[in-house]
Amino acid sequence: MNFTTIAVIGAGQMGQGIAQVFATAGYKVILNDIDSAAIERGIATLKRSLAKLAEKDLLNESAELISGRIKGSTDFSALISAQLVVEAATENEQLKHKIFSQLDKICPPSTILATNTSSISITRLAASTERPEKVIGLHFMNPVPLMKLIEVIRGLQTDDQTYQGVLQLADKLNKIAVTSQDRPGFIVNRILMPMINEAIFTLYEGVASAEEIDQAMKLGAAHPMGPLALADLIGLDTCLSIMQVLYEGFSDSKYRPCPLLKQMVDAGYNGRKSGRGFFDYD
């Protein structure tokens, strides 16, 4: 399968990282967002990321050449030239259904439609299109340029050509792909998010402070980052969305989101991106 142009929808933290990785691998990239200011911020952030990698001599080409492959657009019609579209919008199923329905009408029938969802059913998203066999999950890890893993998730309808095509693409990105069945949370978040949720319960119940909980897991379990700091990095709103998907998908109380997590999201304390979560970032 020959990919030359990749479109990425969503210029936030994940979208900009995904765009950077594709451009670094030599692909032309269209970074799409409904907000032109978000595109400008996203491209500025990935340019800084590329500059840091260049300083460490971790790029095979100049940062300027790589970033020059990325073009921003607020117009969905610009995506018609892409052979693969990766949706990296907010973790909201209704929004993703709307995006996939629009993409299905705009993109050629051969275009693969992928989603970076970390928990939502690929099978359900595929049903929003007339090409369910061309829909697949490509879950990149954060921060995308540094993390080696991609979870590849086949929907019930995904065909072998689409699956094999994205596996080959992952290899060209210098990433390692693991395949998950289409189950709530897939592999990583089915294991990771309940652990983070339990750390929040530990704080909620007054077992220890946020600093002590994270220190305990770093020193006692050799985690590079404590679970509460990791939740702040992921975004508490995203953590809550994933826990709700797990809770509803399995109908099992062990996935019940901690009340403190809900309360913090209600307050707008979403972690690093808001300047405040379990820790302050101002």
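Coordinates for the structure precede this section.
A few points on the structure. (Residues numbered from 1 in each chain as written. Predicted model: local features only at pLDDT ≥ 70, side-chain atom pairs only at ≥ 80, totals over all residues. Heavy atoms only, no water.)

1. What to know about the packing of aromatic side chains
Note the cut-off: In summary, the pairing rule links any two rings of Phe, Tyr or Trp, Trp by its six-membered ring, whose centres are within 6.5 Å, and it sorts them by plane angle into stacked for under 30 degrees, edge-to-face for over 60 and tilted for everything else. Here's how the labels work: a residue is buried when its accessible area is under 20% of the maximum for its type, exposed when over 50%, partly exposed in between, all with a 1.4 Å probe on protein chains only. Two thresholds decide whether a charge sits over a ring: the Lys NZ or Arg CZ must be within 6 Å of the ring centre and within 35 degrees of the ring normal.
Throughout the structure, instances matching the rule amount to four aromatic pairs. Ring geometry for phenylalanine 22 against tyrosine 27: centres 6.2 Å apart, planes inclined by 80 degrees, an arrangement best described as edge-to-face. Here phenylalanine 22 matches tyrosine 27 in class, with each residue buried. The rings of Phe22, Tyr27 and Phe140 are connected pair by pair, giving a single aromatic cluster. Note that arginine 276 overlies the ring of tyrosine 269, its terminal NZ or CZ placed 4.0 Å from the centroid.

2. Quick word on the sheet that holds strand E1 (residues 5-9)
Note the cut-off: Pairing between two strands is assigned when DSSP locates at least 2 bridges connecting them. For the purposes of this entry, the term helix denotes a DSSP run of H or I that reaches at least four residues, the term strand denotes a run of E that reaches at least two, and both are numbered from the N terminus. Working convention: axes come from line fits to C-alpha atoms, limited for helices to the stretch in contact. Angles between N-to-C directions cover 0 to 180 degrees.
The strand order across the open sheet built from eight strands is E3-E2-E1-E4-E5-E6-E7-E8, with neighbouring strands paired in mixed fashion. Single-partner strands in this sheet number two, and they are strand E3 (70-73) and strand E8 (176-180). Strand-to-strand twist in this sheet, taken as the mean axis angle between neighbours without regard to direction, amounts to 25 degrees. Here strand E7 (residues 149-154) pairs with E8 via five bridges, running parallel.

3. Description of the pattern of salt bridges
Our working definition: Any carboxyl oxygen of Asp or Glu that lies within 4 Å of a side-chain nitrogen of Lys or Arg is treated as forming a salt bridge with it.
All told, the structure shown has eight salt bridges when counted by the stated rule. Among the ionic pairs, glutamate 61 bridges to arginine 69, the shortest N-O distance being 2.8 Å. Note on arginine 69: relative accessible area 19%, which makes it buried. When the shortest N-O distance is used, the salt bridge between lysine 96 and glutamate 87 registers 2.4 Å. Neither residue differs from the other here; lysine 96 and glutamate 87 are each classed as buried. Each of Glu87, Glu91 and Lys96 takes part in one network of salt bridges that share partners.

4. Here's the deal with the environment of isoleucine 106
The following threshold applies: Contacts are assigned to residue pairs with any non-hydrogen atoms lying within 4.5 Å of each other.
In this fold, isoleucine 106 is placed in helix H4 (residues 93-106). Sequence separation between isoleucine 106 and leucine 79 is 27 residues, and the spatial gap between their C-alpha atoms is 7.7 Å. Residues contacting isoleucine 106, with those up to four places away along its chain left out, are Phe76, Ser77 and Ile80.

5. Considerations on the packing of helix H8 (residues 210-221) against helix H9 (residues 227-234)
We count it as follows: When describing relative orientation, an angle under 35 degrees is termed roughly parallel and one over 145 degrees roughly antiparallel, while 65 to 115 degrees is termed roughly perpendicular and anything else oblique. Under the scheme applied, nonpolar residues are Ala, Val, Leu, Ile, Met, Phe, Trp, Tyr, Cys and Pro; charged residues are Asp, Glu, Lys and Arg; polar residues are all the others, including Gly.
One can describe the packing of H8 onto H9 by two numbers: an axis separation of 7 Å at closest approach and a directional angle of 105 degrees. Taken as axis vectors, H8 and H9 run roughly perpendicular relative to one another. Across the interface between the two elements, Ala210, Ile213, Asp214 and Met217 from H8 touch Pro227, Leu228 and Ala229 from H9. Counted by class, the contact of H8 with H9 contains six nonpolar, no polar and one charged residues.

6. Notes on the pairing of strand E2 (residues 28-32)
Rules: Handedness of a crossover is defined as follows: orient the strands so they point away from the viewer, and if the path from the first strand over the helix to the second runs clockwise, the crossover is right-handed.
Of all five residues making up E2, four are buried, and the element is well covered by its neighbours. Sheet analysis places E1 next to E2, joined by five bridges and oriented parallel. By the bridge assignment for E2, valine 8 is matched with leucine 31. With helix H1 (residues 13-24) bridging E1 and its parallel neighbour E2, the resulting β-α-β unit is right-handed.

7. A short note on the environment of lysine 105
Defined as follows: Polar contact is the term for a pair of N or O atoms within 3.5 Å; when the atoms are in protein, one must be able to donate a hydrogen and the other to accept it, and sequence-neighboring residues count only if both atoms are side-chain atoms.
With respect to the helices and strands, the residue lysine 105 is situated in helix H4. For the pair lysine 105 and methionine 195, spaced 90 residues apart in the sequence, the C-alpha separation amounts to 40 Å. Within the local environment of lysine 105, its side chain forms a polar contact with the side chain of serine 101, the two groups lying 3.1 Å apart.

8. Digging into the packing of helix H7 (residues 188-204) against H9
The line we're drawing: The hand of a helix crossing depends on one turn: near helix anticlockwise from the far one by less than a right angle means left-handed, and clockwise means right-handed.
Where H7 meets H9, the axes come as close as 9 Å, and the angle between the chain directions of the two elements is 115 degrees. Relative to H9, the crossing made by H7 is left-handed. Between H7, through Leu192, Met193, Met195, Ile196, Ala199, Ile200 and Leu203, and H9, the contact on the second element is made entirely by Pro227, Leu228, Leu230, Ala231 and Ile234. For the contact of H7 with H9, the per-class residue count stands at twelve nonpolar, no polar and no charged.

9. Observations regarding helix H10 (residues 236-250)
What counts, and what does not: By this rule the span expected of a helix is its residue count minus one, scaled by 1.5 Å.
Here H10 is 15 residues long and its end C-alpha atoms lie 21 Å apart, about the 21 Å a rise of 1.5 Å per residue gives. Among all positions in H10, only Leu236, Cys239, Leu240, Ile242, Met243, Val245 and Leu246 are buried. For H10, the secondary structure elements touched by its buried residues are H7, H9 and helix H11 (259-266). Just downstream of H10, serine 251 is the residue with a positive phi angle, here 50 degrees.

10. A few points about the nonpolar core
What counts is decided by this rule: Put simply, buried Ala, Val, Leu, Ile, Met, Phe, Trp, Tyr and Cys residues joined by side-chain atoms within 4.5 Å make one nonpolar core.
One finds Ile18, Phe22, Leu84, Leu138 and Phe140 to be the most contacted residues of the largest nonpolar core, which totals 38 residues. Looking at this core element by element, the count peaks at six residues for H1. Setting aside anything within four residues of it in sequence, one finds phenylalanine 140 in contact with Met14, Ile18, Phe22, Asn116, Leu149, Ile150 and Leu173. By size, the runner-up hydrophobic cluster in this structure holds 26 residues, among which are Leu233, Met243, Tyr255 and Cys258.

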